[in-house]
Structure formats: structure tokens, C-alpha cells
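Breakdown of the fold
The primary structure of each chain is shown beneath.
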Amino acid sequence: MALTRTIRKTVKARIQSDDGFRYALFSHAVEVMLADDMATAKSVLKDYIDATIGFEDLATESGLTVRHLKRMFQPAGNPRAGEMFRVIGILQRHQGIQLEVSTAA
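None of these values were measured; they are calculated from a predicted model. (Residues numbered from 1 in each chain as written. Predicted model: local features only at pLDDT ≥ 70, side-chain atom pairs only at ≥ 80, totals over all residues. Heavy atoms only, no water.)

Some remarks on helix 3 (residues 38-51)
For clarity, the cut-off: Each helix is a run of H or I in the DSSP string that is no shorter than four residues. Each strand is a run of E no shorter than two, and both are numbered from the N terminus. To estimate how far a helix should extend, the number of its residues minus one is multiplied by 1.5 Å. Exposed residues in this analysis have more than 50% of their type's maximum accessible area, buried residues have under 20%, and partly exposed residues fall in between, with area computed by a 1.4 Å probe over protein chains only. Working rule for contacts: check all heavy atoms of both residues, and any pair within 4.5 Å makes them a contact.
Given a rise of 1.5 Å per residue, 14 residues ought to cover 20 Å, and the 20 Å separating the end C-alpha atoms of helix 3 matches this to within 8%. Taken together, the buried positions of helix 3 are occupied by A41, K42, V44, L45, D47, Y48, I49 and A51. Looking at the buried residues of helix 3, the elements they touch are helix 1 (5-17), helix 2 (19-34), helix 4 (55-62), helix 5 (66-72) and helix 6 (81-95).

Dropping the structure here:
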């Protein structure tokens, strides 16, 4: 389900003002990506990128074009795993965090 513009603005403001929310949202995006819910992961990461580093700076750091990055995160986008992990690595460095993956029984 697509978010309305008002909800997107609210989420963006919260990402920018609440560190805990920002970190939890980023972590959630990676968790759902690893659980094979790419639609949700792309939607959350698109909002996260827009509210934090921005697509222009991400393009500069990743070597990918802004247009390519925006297409990656569209509902019909089909990003390569290497590109997604490159973006996740840049976002981690930008936020000064290191996500860890562990298994659960």
C-alpha cells in the first residue's frame, strides 16, 4: 500500500528528528529485505534515503546515477543485490552505525 503524501511528510520529519526511529526504520528495511519482502524494503529505504543522505549525495558516493537509484526503489524496480548492499553500506557509514546479522532459532 502506497503512503499518502501527508504520511510521507510525517515519516520524513520523524526520521530527521528522532535518532531511535531512524535507526529502527533502517534496521527494519534490511530485515524485511532479508526476509524476501523487497517491496516493503524498497519503499522504506526510498523514504529513508530521501529524509537522510538524499539521492544526489547517494549517487555521488555510490557511482550510480540519481535516475538509476530512484528506479531501483520504485515498486517495479529490480535492483541487483550488489547495488542494494552498496547502498546499505553507504547508509551505514552515513549514519555512523554498523548493522549485524544473526540467526534466530
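A word on the layout of surface pockets
Vacant regions in the atomic arrangement are exposed by a probe of water-molecule size rolled over the atoms. Here is the rule: Two kinds of site are reported from a 1 Å grid over the protein atoms alone, namely cavities, where a 1.4 Å probe fits but cannot get out, and pockets, open sets with protein on both sides within 12 Å along at least five of seven lines, and residues are called lining when an atom falls within 4 Å of a point. Grid points are joined across faces, edges and corners, and a volume is the space filled by probe spheres set on the points. Classification convention: Asp, Glu, Lys, Arg as charged; Ala, Val, Leu, Ile, Met, Phe, Trp, Tyr, Cys, Pro as nonpolar; all other residues, Gly among them, as polar.
By volume, the second largest pocket is sized at about 230 Å³. Considering the residues around the second largest pocket, the lining is formed by R8, K12, K46, D47, D50, A51, G54, F55, E56, K70 and Q74. For the lining of the second largest pocket, the secondary structure elements donating two or more residues are helix 1, helix 3 and helix 4. Here the lining of the second largest pocket gets four residues from one element, more than from any other, and that element is helix 3. Residue composition of the lining of the second largest pocket, by class: two nonpolar, two polar and seven charged.

Details of the side chain of Q92
Mapped onto the elements of the fold, Q92 is located in helix 6. The buried category is assigned to Q92, whose relative accessible area is 12%. Excluding anything up to four places from it in sequence, Q92 contacts F26, I97, Q98 and L99.

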